[in-house]
Structure formats: C-alpha cells, structure tokens
Amino acid sequence: MRIAAAILDRMVEISRQEAPLEACWYLGARGGVVTELYPMTNADRSPEHFSLLPEEQFAVVRKARGSGVALAGVGHSHPASPARMSAEDLRLALDPDTRYVIVSLLTRETRCFRVGAAGEVVEEPVEAV
C-alpha cells in the first residue's frame, strides 16, 4: 500500500492522542496513493478492539465519493501490542477486498494486511511516498 508520508505521520499522531485506547480510521486514495485520512470514533472505547459508528461510516463514504476518493482501507492502532492481525481483528475481518492497516505504538511500525475468504492473512508492504 502506497501511503503519503504525511498520512503515515498523522496515523501515528492520532494513535498517540487516543492511547491507551485503540484509534481507528478509514483511508482514502487517489491514483493508487493514500492521500486522505478519515478519523473515526472507537465506539467500544477499548484498548484491545474497536468498532465503528455506522453514521460515521456512511458520512465518510459520502464525503469520499463526493470528492472522487476511493476508500482504500480501514486502519487502527495497537497501543500496547505489535502491528499484527489479532484474534479479534481476524474475527471481524469479513471482507477479503479490504486492506487493514495497523499502527503499533509498541514497536513503532505500520503494517498492512488482507484477510482472504478462508482466513489466510497476507501482508502487503507499506511504502511511504
């Protein structure tokens, strides 16, 4: 996944602001590069998982479509664990076309994953542009 460096920095900043809770967001892309970050509310208010508010999800989809941005993935932070798909992340990963971007405050890394229909996890490289 190609992500603008400023967006990568903003994901880390939001993750730090929300800690010890998980932060969450949608990512939007133009021309194959993530250029938009849509911070969302962690409705669960949890340090170990998140869920999104449907009204915020719909608002982001409308905003992105209205400005010609393609939704490129969903992201969240792991305040105290590595940037990997946790058991909870895997349980909730229902769309094999969705990319999941995880920022770890523990290891200071950002990783991207897809989860196939059979539950297999495939990592994609994250490239700052």
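Note that the structure is a prediction, hence the values are computed from the model and not measured. (Residues numbered from 1 in each chain as written. Predicted model: local features only at pLDDT ≥ 70, side-chain atom pairs only at ≥ 80, totals over all residues. Heavy atoms only, no water.)

A.B. asks: Outline the overall build of the chain, listing residues and values.
C.D. replies: Counting its regular elements, the chain contains three helices and eight strands. Put simply, the chain runs from its N terminus to its C terminus through helices and strands in the order β-α-β-β-α-β-α-β-β-β-β. Against the 2.2 N^0.38 benchmark of 14 Å for 129 residues, the chain shows a C-alpha radius of gyration of 13 Å, consistent with a compact globule. For the C-alpha atoms alone, the extent of the chain along its principal axes is close to 35 × 30 × 30 Å. Within the chain, buried positions represent 41% of all 129 residues. Sequence-distant contacts in the chain: of pairs separated by 6 or more residues, those separated by 24 or more amount to 57%. By element, 53% of the accessible surface of the chain is carried by carbon and sulfur atoms, the whole surface being about 6,800 Å². (Helix = DSSP H or I, 4+ residues; strand = E, 2+ residues; numbered from the N terminus. Rg over C-alpha atoms; globule rule 2.2 N^0.38 Å. Buried < 20%, exposed > 50% of the residue type's maximum accessible area, 1.4 Å probe, protein only. Contact = heavy atoms within 4.5 Å. Areas by Shrake-Rupley, 256 points an atom, 1.4 Å probe, with all protein chains shown as cover.)

A.B. asks: Account for the sheet that holds strand E8 (residues 127–128), naming residues and giving values.
C.D. replies: Ordered by their spatial adjacency, eight strands build an open sheet running E7-E6-E5-E4-E2-E3-E1-E8, and the pairing between neighbours is mixed. Where the open sheet ends on each side, the last strands, each with one partner, are strand E7 (121–124) and E8. Bridge analysis of strand E1 (residues 2–3) against strand E3 (residues 33–40) gives two bridges, and the strand direction is parallel. Within the sheet, the bridge partner assigned to Ile3 lies in E3 and is Val34. Its contacts with the sheet put helix H2 (residues 54–66) on strand E2 (24–30), E3 and strand E4 (70–78), and the angle it makes with E3 is roughly 150°. (Pairing = 2+ DSSP bridges. Axes fitted to C-alpha atoms, helices over the stretch in contact; angles between N-to-C directions.)

A.B. asks: Provide a residue-level description of the pattern of salt bridges, including the pertinent values.
C.D. replies: With the rule as written, the count across this model stands at six salt bridges. Among the ionic pairs, Arg2 bridges to Glu127, the shortest N-O distance being 3.7 Å. Of the two residues, Arg2 is situated in strand E1 and Glu127 in strand E8; the sequence distance between them amounts to 125 residues. Between Arg10 and Glu13 there is a salt bridge whose closest N-O contact spans 2.9 Å. Of this pair, Arg10 and Glu13 both sit in helix H1 (residues 5–18), three residues apart, which is roughly one turn of the helix. Looking at Glu13, the relative accessible area reads 38%, which means it is partly exposed. Salt bridges linked by common partners bring Arg99, Arg114 and Glu124 together as one network. (Salt bridge = Lys/Arg side-chain N within 4 Å of Asp/Glu carboxyl O.)

A.B. asks: Provide a residue-level description of the pairing of E7, including the pertinent values.
C.D. replies: Where strand E6 (residues 109–115) and E7 come together, four bridges link them in antiparallel fashion. Across the sheet, Phe113 pairs through a bridge with Glu123, a residue of E7. Counting the residues in the hairpin turn of E6 and E7 gives five residues, including Gly119, whose phi is positive at 90°.

A.B. asks: Report on the pairing of E4, specifying residues and quantitative values.
C.D. replies: Where burial is concerned, most of E4 is hidden: seven out of the nine residues are buried. One ladder, built from six bridges, connects E2 with E4; its direction is antiparallel. Residue pairing for E4: Ala29 is matched across the bridge by Ala70. With five bridges joining them, E4 and strand E5 (residues 100–104) adopt parallel strand pairing. If you follow His76 over to E5, its bridge partner there is Ile102. The parallel pair E4 and E5 is bridged by helix H3 (residues 87–92), and the resulting crossover is right-handed. (Right-handed = clockwise from strand over helix to strand, strands pointing away.)

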